[in-house]
Amino acid sequence: MNTPEEAEATRTVEQTREALKSKGWCIWTCFNLDNEKIIVAADGYQMSMNSKYPVYTESELKELADASIESIKLIHHAKKMAPGTQVIHE
């Protein structure tokens, strides 16, 4: 049986997939980033450079899956300082 956290994570993944499929992006509120909001964008989706929130592509999030919270916060800070920049490259 799933814990409430696991069930919530599963719902978030499903909702994110649906949003990326239908409109190409969605907004997350990130607990590990002090409840700051980010935009999750489908790979290849062109976001406005005037985005109010840092943008993370699907590929970037996959790369961050095993990163430490300290590394994630450092990358997040860089994204806030240079909006529209892809910080992680394969």
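Just above sits the structure.
Computed from a predicted structure; not experimentally measured.

Tell me about the packing of aromatic side chains, residues and numbers included.
For the coordinates displayed, the defined rule picks out 0 aromatic pairs. When the ring centre of Trp25 is taken as origin, the NZ or CZ atom of Lys23, which lies over that ring, is 4.4 Å away. Over the face of the ring belonging to Tyr56 we find Lys79, whose NZ or CZ atom lies 4.7 Å from the ring centre.

Describe the pattern of salt bridges, with residues and values.
In this structure the tally under the stated criterion is 3 salt bridges. Note that Arg11 and Glu8 form a salt bridge whose closest N and O atoms lie 2.6 Å from each other. With a gap of 3 residues between them, Arg11 and Glu8 both fall in helix α1 (residues 4-22), about one helical turn apart. Taking the relative accessible area as the measure of exposure, Arg11 reaches 41% and is therefore partly exposed.

Quick one: what's the story with the pairing of strand β1 (residues 25-30), residue by residue and with numbers?
Across 6 bridges, the pairing between β1 and strand β2 (residues 36-41) is antiparallel. Looking across to β2, one finds that Cys30 is bridged to Glu36. The turn joining β1 and β2, which pair antiparallel and follow one another in sequence, is formed by 5 residues; a positive phi near 55° is taken by Asp34.

An account of the environment of Gln46 is needed here, citing residue identities and associated values.
Within the secondary structure layout, Gln46 lies in the loop between β2 and β3 (55-57). The class of Gln46 is exposed, set by a relative accessible area of 69%. For Gln46 and Trp25, which are 21 residues apart along the polypeptide, the C-alpha to C-alpha distance reads 9.6 Å.

Would you mind going over the side chain of His76 in detail, with residue names and values included?
As for its position among the elements, His76 is in helix α3 (residues 69-81). Non-local contacts of His76, meaning those with residues more than four positions away in its chain, are made with Leu33, Glu36, Ile38, Pro54 and Tyr56.

I'd love a proper account of the layout of surface pockets, names of residues and values included.
Its volume calculated, the largest pocket comes out at about 740 Å³. Taken together, 22 residues line the largest pocket, and the ones lying closest to its centre are Thr12, Trp28, Cys30, Ile38 and Leu61. For the lining of the largest pocket, the elements supplying multiple residues, two or more each, are α1, β1, β2, α2 (58-64) and α3. The dominant element in the lining of the largest pocket, judged by the number of residues it contributes, is α1, at 5 residues. A class-by-class count of the residues in the lining of the largest pocket yields 15 nonpolar, 4 polar and 3 charged.

Reading the values: rules and limits
Residues numbered from 1 in each chain as written. Predicted model: local features only at pLDDT ≥ 70, side-chain atom pairs only at ≥ 80, totals over all residues. Heavy atoms only, no water. Phe/Tyr/Trp six-rings, centres within 6.5 Å; stacked < 30°, edge-to-face > 60°. Lys NZ or Arg CZ within 6 Å of the ring centre and 35° of its normal. Salt bridge = Lys/Arg side-chain N within 4 Å of Asp/Glu carboxyl O. Helix = DSSP H or I, 4+ residues; strand = E, 2+ residues; numbered from the N terminus. Buried < 20%, exposed > 50% of the residue type's maximum accessible area, 1.4 Å probe, protein only. Pairing = 2+ DSSP bridges. Contact = heavy atoms within 4.5 Å. 1 Å grid on protein atoms, 1.4 Å probe; cavity = no way out; pocket = protein on both sides within 12 Å on 5 of 7 lines; lining within 4 Å. Points joined across faces, edges and corners; volume = space filled by probe spheres on them. Nonpolar A, V, L, I, M, F, W, Y, C, P; charged D, E, K, R; others polar.

These figures capture arrangement, not role.
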